[in-house]
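Structure at a glance
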Number of protein chains: 6
Amino acid sequence: MNSDFPTASGSVQWHLGPVIDALRTSRESTHNIRHQGRVRELPSRDILTAVVNGVSAALFPTHYGRPDLNDESIDYFVGDTLNVTLDRLVGQVRRALRFSPEYEDAGDAQLAERAQAITRAFAASLPGIRALLVSDVQAALAGDPAARSVAEIMLCYPGTIAILYHRLAHCLHRLGVPFLARLAADIAHSLTGIDIHPAARIGASFFIDHGTGVVIGETAVIGERVRLYQAVTLGARRFPVGDDGSLVKGAPRHPIVEDDVVIYAGATVLGRITVGAGSSIGGNVWLTHSVPPGSNVSQAQSRNT
Amino acid sequence: MNSDFPTASGSVQWHLGPVIDALRTSRESTHNIRHQGRVRELPSRDILTAVVNGVSAALFPTHYGRPDLNDESIDYFVGDTLNVTLDRLVGQVRRALRFSPEYEDAGDAQLAERAQAITRAFAASLPGIRALLVSDVQAALAGDPAARSVAEIMLCYPGTIAILYHRLAHCLHRLGVPFLARLAADIAHSLTGIDIHPAARIGASFFIDHGTGVVIGETAVIGERVRLYQAVTLGARRFPVGDDGSLVKGAPRHPIVEDDVVIYAGATVLGRITVGAGSSIGGNVWLTHSVPPGSNVSQAQSRNT
Amino acid sequence: MNSDFPTASGSVQWHLGPVIDALRTSRESTHNIRHQGRVRELPSRDILTAVVNGVSAALFPTHYGRPDLNDESIDYFVGDTLNVTLDRLVGQVRRALRFSPEYEDAGDAQLAERAQAITRAFAASLPGIRALLVSDVQAALAGDPAARSVAEIMLCYPGTIAILYHRLAHCLHRLGVPFLARLAADIAHSLTGIDIHPAARIGASFFIDHGTGVVIGETAVIGERVRLYQAVTLGARRFPVGDDGSLVKGAPRHPIVEDDVVIYAGATVLGRITVGAGSSIGGNVWLTHSVPPGSNVSQAQSRNT
Amino acid sequence: MNSDFPTASGSVQWHLGPVIDALRTSRESTHNIRHQGRVRELPSRDILTAVVNGVSAALFPTHYGRPDLNDESIDYFVGDTLNVTLDRLVGQVRRALRFSPEYEDAGDAQLAERAQAITRAFAASLPGIRALLVSDVQAALAGDPAARSVAEIMLCYPGTIAILYHRLAHCLHRLGVPFLARLAADIAHSLTGIDIHPAARIGASFFIDHGTGVVIGETAVIGERVRLYQAVTLGARRFPVGDDGSLVKGAPRHPIVEDDVVIYAGATVLGRITVGAGSSIGGNVWLTHSVPPGSNVSQAQSRNT
Amino acid sequence: MNSDFPTASGSVQWHLGPVIDALRTSRESTHNIRHQGRVRELPSRDILTAVVNGVSAALFPTHYGRPDLNDESIDYFVGDTLNVTLDRLVGQVRRALRFSPEYEDAGDAQLAERAQAITRAFAASLPGIRALLVSDVQAALAGDPAARSVAEIMLCYPGTIAILYHRLAHCLHRLGVPFLARLAADIAHSLTGIDIHPAARIGASFFIDHGTGVVIGETAVIGERVRLYQAVTLGARRFPVGDDGSLVKGAPRHPIVEDDVVIYAGATVLGRITVGAGSSIGGNVWLTHSVPPGSNVSQAQSRNT
Amino acid sequence: MNSDFPTASGSVQWHLGPVIDALRTSRESTHNIRHQGRVRELPSRDILTAVVNGVSAALFPTHYGRPDLNDESIDYFVGDTLNVTLDRLVGQVRRALRFSPEYEDAGDAQLAERAQAITRAFAASLPGIRALLVSDVQAALAGDPAARSVAEIMLCYPGTIAILYHRLAHCLHRLGVPFLARLAADIAHSLTGIDIHPAARIGASFFIDHGTGVVIGETAVIGERVRLYQAVTLGARRFPVGDDGSLVKGAPRHPIVEDDVVIYAGATVLGRITVGAGSSIGGNVWLTHSVPPGSNVSQAQSRNT
């Protein structure tokens, strides 16, 4: 299956002994990155992808489920899909919890119990998440003159994938598994080019058009009916540093975007500023101070030489 | 296969009844997004990807087909690959047509007939599409000092993938299946970070270098021998609104870029303006008015503080 | 398996004869892009992906290998994984060498010997590459206030994937297989939105945050402890043209970035300029001239209308 | 992916033209076996295998379904599995019906309607089939001194697989799709070495031990609590020939085996004879006449030379 | 993927409610076969197949392993393959132990410990098993005039597969996991038509030619250098019944076959008899009494009518 | 993916060092079965199965090919399938040739040339093989009262699979690759329970009904229109021994069965005898002497005790 250029005398001898020794030395002493010398089971990108696909299918069975569903069969499908998906999720939650300081040394039983409680809470959140996602889809249909049907928005818009992953990741983050939330966010980033930190709080009816290059930071707060275009950054201006000179993790440092704001392509909004309700931020604008509700911010013009 | 942390008493009971009920309520009444209450078969992202791969293999069998082809075997391969691919495509066309208002209520036979006619026309367009794509590849070879061979451009350039998908998507759009065209465009977007609306009209010998973040809007018109770099936007300035306040879909609102124009990285060109033939638009330029042929537009400088 | 709408009279007859003839004509005469009329075996994107995955697993078995490894089993895993991976790689190297002018007409034995020598040298470089990658991961942990563990950076950061691919691709480039290096770079580009030319030279402790839209050109030189944010371009200002008017390939035309520089999101740095050690280049800055060590460059402000 | 010994000059040219021509001639004229010159869609062995697996999982979810089921999740699983399975089955039924004389020329709608009616009737039969299969498993547990648990009989006994396939195949046969029934029987034959014609009628609590080489003919009738060992044949003695010299298809020509009979390994029972209730037929016996209830038939002894 | 004949009004509604209810009733009350009402995890046929394949590859890496191994790489392969395989096996052993009365109610920790001890003992037995299997292969090479090479016997002889599975299954049986042993035996039975109970004791240099229909019972004892042909049965004559009328499980009831015996095709040897060393039992012989060493037993002749 | 029972302290350490050492000792010295100490590439069961499937699809595209073929597309399919299949076959032939004494030490180029010549000859034989197979299918339709259509015989009869594999294997055997032929025969044996040595010569219109346990030896010769039932053996009586006491390989030692013979289930025909044309050999008959044309041989009766 692999040796695609066999020689007359058999396969190549690579004499790997020294390489393997050097890698062991690197791994165990010179460049050891193992946490406290211990191996911890890691969450799996593939399984988490399957979990998100399973949840998506359960939330929107006619769009993301199987093509043969009808009114009779749909609940069996939803129930079975959720069972499989939650069984998968609970194992990933358990693994991710080991990376939270309070569960690093927890016993197996305690860990399992916590993972089940989180997974149950996640399941209970799904109807609410579905309502938010429907509002997002409707915002897309209303906001893009090129959009023609709900199905097109569900299947062909990267912004839909990004917000779907985000709303699930945010729920996991809120429930206490930030590692898993981050992994989900990164999967969405790879699929869409849209990078939303799972801790960011985003209101209903959110729409990102095109989306490539959008970055939304950890402590950003976004209101309802907000619309973003590609390459918009809601970032930090500087990183708070503690008394000991190290970075303060988690401190508010990203913008607050109030309801009904539109931010056009390439705009960069930085720091814990507030973009007042109903404002419009023009393309490529560089904004580092708060603006009142109803503002119109646009960029200086280029010159023709 | 899934329960990776079995407990002594068997798998976890998730008590999903209330969740499933709430999801049904959400689906059927509170947040129903089903079109006219009906389930329609949806086109499949996976099958459409297979269709594009099949067409690519038929167009460029030695680059995208099988490695063992020779002058004798190549036509059998092309013929068989096209047959399989068109059989797949016709089913996707049929599904996508249901989303066009004029076929929403068409009979099965009428729908099948129309899908076959479209698929036949698509097949007949392939030699012409191949000629355009060869011009694009040659433009890349001529335009990028880092490019060393046709094979490298075929295999390693996201711009090649983007224009390949676009030329096929545009053909589908022109033939009357915009949904399928949009889906193909979104697949390319996810693979490359380049977002070209399938309705955009693009002339021969087109080259996008690097490409991440490029956005080309629905009504853009691009001439021959045009070159774009990453993060270029050919977008709309504002959206026409009809008498009733709703967005007018499909109105011309994106730029016309004439022959032999180069647009450097990060430039934003907005509105139904014309960039005259042979112009050069500098990096990060923000352009919202027409410029005559031969223009050189560049950005204001940053300052060193 | 494919005809999803069978009609009473069997599958559709597509009458492909004329299309197949036209494609043959296009392929063989009107739009022939085959190199010197010969078919050369091409490297495979899928196999190269498997090679990178194999090397990653051998370098970081507890993060990218199998979840069940322990101190006893890990060396068997590393050894077996490397053997399989190098057996795969040597075949790809052989194919890629055919695209280097000096091996275009080499005999099979000479080609095989060269491919083995390159693959051996690649294997010998792995411990050194591992040391660099560990420095990169530690730079990420230190540089991002949102990062919480090494595992999170290994699994959830696109910048980690990008630099992993780059360090392997750069090694292949240096060893004389630029085609293969380019292919690896493009795989990373598709996964992360980060586009680093494999010839670029990058020092230890390199960190790219978010990353979408980053472009680093062929002749860029980057020092140690450099940090980049999304959408940063280290590009060429113009392309040197030779006496005959054709592009001069490989000439130095991208920036030199010295140690400890930070370049914020969206900054564009163009041409063979030098960014002095310890400088900070602000977001969206457009920079086309050298700046001395310790510079602070920031953009002009937008105006609120 | 396939050419595992590439030569310097590319892949081998096989000069297949004459072979392909000769095969076409064979196919279309000299050895044409196409029914009335028409192509009919054929049932699929792979899909039918999936159907049997799906039905098995729905009948015995804890043995043939998923390992993670519990009292809450089991009905969702059964419902969803049945829906998928029946959707698959109905397509296979439709294809198989084309081979029944009365549906050879039926319209598509009529065919679809009939296929749905058969599939519905098949679904309605499942609880009854489950009861029979449970009696079979209990007979195996009682009848084999080596058997230790129901699970062992469900997972490790070829006789269990054979009777499971037979009871489903017999149901399909009875409902009017003999082709599909025959295909299911042949799948079981390949898996187990046990060859039961789907038309054979077999009572409850049936047990075949070891089983390889067992053959049960089309018109055999078997009572309750019958036990067979390997290599038992319940065959035809001669084939009835009609007035025109051709074989009369379907005429009774295989044995009737009454309740509580045991037939030991290698026994051959031929013709429309009756083996009376409670009889015991010894190993390797050759029996071509009826025997009364309670008979004990054994073979002549071998001699020691 | 499944609905291969979509109708205009969507997929078929199967009205499964009553069927699902009836199946639940059957499962939970009328035909409940669940052990003590509890669900126990079952061993997996697929995983056990993977275990046997893994062990085979570790025992004979150049025949059953990867094609690219050489003297340097082979031990890495063997070590890694064994680690993966034992990790898989230990989980199956744990599941199978639940079906042994003494572990039915064991705690998880006790069960895990016992499973590990058994798996370790299995690993320690592998070199001895390899020696036996080599003797078997050499016996085949010596005993079949049609055999031409060791490789042919390793790859093309069902008898090789059967004895390979048996020697592994017998080891598992001896170590206390009869369920798993039985499952392995049944997999071999399905692949080869050869049915050897895992408890049967078989000496070195054993060869079965052709093999279809061979049955070797639970308490059979076979010496060294024994050769069997297809359809040979080493079976029980009658089953011992205890005072309560139920079958006595495990009592000696199958033949003892001493060293250097040959038993030709179709011979049936029944009961706890002894076939003396060096005897030859002719084809189709029916033997139910012991024969002394050096016996020649043959069948009565057929007559020509 | 594999550790299905993780413990708190990570995965199990198996301490495999001594086992791996013992296996190496066994492999390299105490039980070394490697041919002359060299590793030879082995043919692959999986690839050969794919080759037989490919040839079957090319011979009978509407029965074993794709369901969507029509008169236009069928030749593309046949041509492409044959090309892929022959490319695969030639690699397997080359590997198998290494096991023929005359090519054991051949140079790579000589081996490749011979493998291509054999593969070409195989391709040229296909139309003739198709004609024979059609005669076999027609014999089945005529000979089995339960058979209803050609399609049923093509899809549901193990005898069809067995003769299909045999006719291809026999061709490979005749062309000088007995190892590959033997491997194909063993695949068929595993699928059907029918064991035909590839060297056996079998005339047109051959039919095996049921088939489990049929064995046809290496030097058997079978005429036209012969019909066999399950468990028939055409075997050797004794093995010729040379002057040195070793088995003489390949000497004629199996029966000659003339035209129009029927041999019923379980009959054993042994030695280089001739069964005269038109004879009927009854079930379970034991025959070791020649019988003249038109004979009727039947077994002695069992007795009823």
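Within any chain, residue numbers begin from 1 and follow the written order of that chain's sequence. A letter from A marks each chain and a number from 1 marks each ligand, given out in the order of writing. Confidence filtering applies because this is a predicted model: local features only for residues at pLDDT of at least 70, side-chain atom pairs given and counted only at 80 or more, and all residues used for totals across whole chains, interfaces and linings. Side-chain numbers come from the whole structure's heavy atoms, not from hydrogens or water.

Of the regular secondary structure elements, chain A holds 8 helices and 15 strands. The principal-axis extent of the C-alpha atoms belonging to chain A is close to 70 × 60 × 55 Å. Here chain A, with 305 residues, has 65% of them falling under the buried criterion. When charges are counted, Lys and Arg contribute as positive and Asp and Glu as negative, whereas His and the chain ends are disregarded. Every charge is mapped onto a representative atom, which is NZ of Lys, CZ of Arg, CG of Asp or CD of Glu. Charge centroids of chain A, computed over 27 positive and 29 negative side chains, lie 5 Å from each other. Strands here are runs of E lasting at least two residues and helices are runs of H or I lasting at least four, both read from the DSSP assignment and numbered beginning at the N terminus. The rule is simple: take the accessible area with a 1.4 Å probe, protein chains only, and divide by the maximum for that residue type; under 20% is buried, over 50% is exposed, in between is partly exposed.

It is worth spelling out the relation of the copies chain C and chain B at this point. The two copies are related by a screw motion: chain C maps onto chain B through a turn of 120 degrees and a shift of 0.0 Å along the axis, at an RMSD of 0.0 Å. Considering both components of the superposition, the chain copies are consistent with a three-fold axis. Here, two residues are considered to be in contact whenever any of their heavy atoms come within 4.5 Å of each other. Taken together, the interface assignments show that only 7% of the residues at the interface of chain C recur at the interface of chain B, consistent with different surfaces on the two copies. The superposition of copies rests on a least-squares fit of C-alpha positions from residues with pLDDT of 70 or more in both.

Residue ranges assigned to each domain were obtained from an automatic or database domain assignment. The domain boundaries assigned to chain A delineate domain 1 (41–194) and domain 2 (213–305). Computed over C-alpha atoms, the centres of domain 1 of chain A and domain 2 of chain A are 27 Å apart.

Two copies of one chain are present, and they are related through a rotation about an axis combined with an axial shift. When chain E is fitted to chain D, the residual RMSD is 0.0 Å, and the transformation amounts to a turn of 120 degrees plus an axial shift of 0.1 Å. A distinct binding surface is used by each copy, with only 7% of the interface residues of chain E retained as interface residues in chain D.

What follows is about helix α8 (residues 178–192) of chain B. All names here are of chain B. A helix is expected to span 1.5 Å multiplied by its residue count minus one. In this model, α8 (15 residues) spans 21 Å end to end at C-alpha, consistent with the 21 Å of a helix rising 1.5 Å per residue. In terms of burial, α8 is largely enclosed, as 13 of its 15 residues are buried. Where α8 ends, the next residue or the one after it, Gly193, has phi of about 75 degrees, a positive value.

What makes a salt bridge here is a side-chain nitrogen of Lys or Arg within 4 Å of a carboxyl oxygen of Asp or Glu, nothing more. All told, the structure shown has 96 salt bridges over all chains when counted by the stated rule. A salt bridge links Asp75 of chain F to Arg27 of chain D, with the shortest nitrogen-to-oxygen separation between them at 3.2 Å. Placement of the pair is Asp75 of chain F in helix α4 (residues 74–97) and Arg27 of chain D in helix α1 (residues 17–30), with the two residues belonging to separate chains. Like Arg27 of chain D, Asp75 of chain F is buried.

Right, let's talk about the sheet that holds strand β8 (residues 256–257) of chain D for a bit. Residue and element names in this part refer to chain D. Two strands make a pair as long as DSSP finds a minimum of two bridges between them. One open sheet accounts for 4 strands, arranged β2-β5-β8-β11; its pairing is parallel. Of all strands in the sheet, those with a lone pairing partner are β2 (201–202) and β11 (274–275), marking the two edges. As defined by bridge partners, β8 adjoins β11 across 2 bridges and the pair is classed as parallel. Bridge pairing in β11 links Val257 to Val275.

On to the packing of helix α4 (residues 74–97) of chain D against helix α1 (residues 17–30) of chain E, then. Whenever a helix is involved, its axis is fitted only over the stretch in contact; in every case the axis is a line through C-alpha atoms, and angles between N-to-C directions fall within 0 to 180 degrees. It is the contact of α4 of chain D with α1 of chain E, at a shortest axis distance of 10 Å, that shows an interaxial angle of 130 degrees. Between α4 of chain D and α1 of chain E, the interaxial angle falls into the category oblique. Where α4 of chain D crosses over α1 of chain E, the handedness of that crossing is right-handed. Between α4 of chain D and α1 of chain E, the residues in contact are Ile74, Asp75, Val78, Gly79 and Leu82 of chain D and Val19, Ile20, Leu23, Arg24 and Arg27 of chain E, respectively. Only Asp, Glu, Lys and Arg are considered charged, only Ala, Val, Leu, Ile, Met, Phe, Trp, Tyr, Cys and Pro nonpolar, and every remaining residue, Gly among them, polar. A class-by-class count of the residues in the contact of α4 of chain D with α1 of chain E yields 6 nonpolar, 1 polar and 3 charged. Angles below 35 degrees are treated as roughly parallel, those above 145 as roughly antiparallel, those between 65 and 115 as roughly perpendicular, and all remaining angles as oblique. Each crossing gets its handedness from the near helix: less than a right angle anticlockwise from the far helix is left-handed, clockwise is right-handed.

Residues and elements named next belong to chain F. The sheet built from 5 strands is open, its strands ordered β1-β4-β7-β10-β13 with parallel pairing. Looking at the sheet topology across the chains shown, the edges are occupied by β1 (195–196) and β13 (286–287). Pairing between β1 and strand β4 (residues 215–216): 2 bridges, direction parallel. Its bridge partner being in β4, Ile196 is matched across the sheet by Ile216.

So, on to the interface of chain E and chain D. Interface size, as often reported, equals the accessible area lost upon joining of the parts. Taken together, the contact between chain E and chain D spans 60 residues of the former and 69 residues of the latter. With both sides pooled, the region where chain E packs onto chain D buries about 5600 Å², and carbon together with sulfur makes up 57% of that total. Buried area, as used here, totals the accessible surface that two parts lose on assembly, with accessibility defined by a 1.4 Å probe and the loss added over both. Of all residues in chain E, Trp14, Ile33 and Trp286 of chain E give up the largest surface area on contact with chain D, accounting jointly for 16% of the area buried on that side. Our count for the chain E to chain D interface comes out at 4 salt bridges. Of all the secondary structure elements, the ones that give two or more residues to the side of chain E that touches chain D are α1, α8 (178–192) and β14 (296–298) of chain E. Residue classes in the side of chain E that touches chain D are distributed as 25 nonpolar, 24 polar and 11 charged.

Listed as interface residues are 59 residues of chain C and, on the opposing side, 67 residues of chain B. The junction of chain C with chain B conceals about 5600 Å² of combined surface from both sides, 57% of it contributed by carbon and sulfur atoms. When residues of chain C are sorted by the area they lose upon contact with chain B, Trp14, Ile33 and Trp286 of chain C head the list and together hold 16% of the total. We note a salt bridge from Asp75 of chain B to Arg24 of chain C, for which the minimum N-O separation is 2.5 Å. For the purposes of these results, a polar contact is taken to be a pair of N or O atoms within 3.5 Å, where, inside protein, one atom must be able to donate a hydrogen and its partner to accept one; residues adjacent in sequence count only when each atom of the pair is a side-chain atom. Between the two partners, chain C and chain B, sit 12 residue pairs in polar contact (both at pLDDT 80 or more).

As a further point, take the packing of aromatic side chains. Centre distance and the angle of the planes are the two values used to describe a pair of aromatic rings. Note on aromatic contacts: the rings of Phe and Tyr and the six-membered ring of Trp form a pair at centre separations within 6.5 Å, being stacked when their planes are under 30 degrees apart, edge-to-face when over 60 apart, and tilted otherwise. Counted under the stated rule, the structure contains 24 aromatic pairs over all chains. Considering the side-chain rings of Tyr229 of chain C and Tyr264 of chain C, the 5.2 Å spacing of their centres and the 15 degrees angle between planes classify their relative orientation as stacked. Of this pair, Tyr229 of chain C sits in the loop between β6 (227–228) and β7 (233–235) while Tyr264 of chain C is found in the loop between β9 (262–263) and β10 (268–270), placing the two residues 35 residues apart along the sequence. Overall, Tyr229 of chain C belongs to the buried group, its relative accessible area being 6%. Relative accessible area serves as the criterion here: at 29%, Tyr264 of chain C is assigned to the partly exposed category. A cation over an aromatic ring shows up here: Arg182 of chain A above the ring of Tyr157 of chain C, its NZ or CZ 4.3 Å from the ring centre. Only lysine NZ and arginine CZ atoms are considered, and such an atom sits over a ring when it is within 6 Å of the ring centre and within 35 degrees of the ring normal.

This paragraph deals with the side chain of Glu72 of chain D. Within the secondary structure layout, Glu72 of chain D lies in the loop between α3 (61–64) and α4. For Glu72 of chain D, which is buried and forms no salt bridge, the nearest opposite charge comes from Arg120 of chain A, at a distance of 6.4 Å. Within the local environment of Glu72 of chain D, its side chain forms a polar contact with the backbone nitrogen of Leu16 of chain B, the two atoms lying 2.6 Å apart. Discounting residues that sit within four places of it in the chain, Glu72 of chain D has contacts with Gln13, Trp14, His15, Leu16 and Gly17 of chain B.

Right, let's talk about unusual backbone geometry for a bit. We note that Arg225 of chain B has phi near 55 degrees; this positive angle belongs to a residue other than glycine. Along the polypeptide, Arg225 of chain B turns up in the loop between β5 (221–222) and β6 (227–228). On the accessibility criterion, Arg225 of chain B (40% relative accessible area) is partly exposed. The backbone of Asn284 of chain F sits at a positive phi, close to 65 degrees, despite the residue not being glycine. Along the chain, the position of Asn284 of chain F falls in the loop between β12 (280–281) and β13. For Asn284 of chain F, a relative accessible area of 11% corresponds to the buried category.

Looking at the secondary structure, you find Ala151 of chain B in helix α6 (residues 150–156). The class for Ala151 of chain B is buried, based on a relative accessible area of 3%. Spatially, the C-alpha atoms of Ala151 of chain B and Val137 of chain B are 9.5 Å apart, while their sequence positions differ by 14 residues. Beyond its immediate stretch of four places on either side in the chain, Ala151 of chain B contacts His63 of chain B together with Leu42, Phe99 and Phe179 of chain C.

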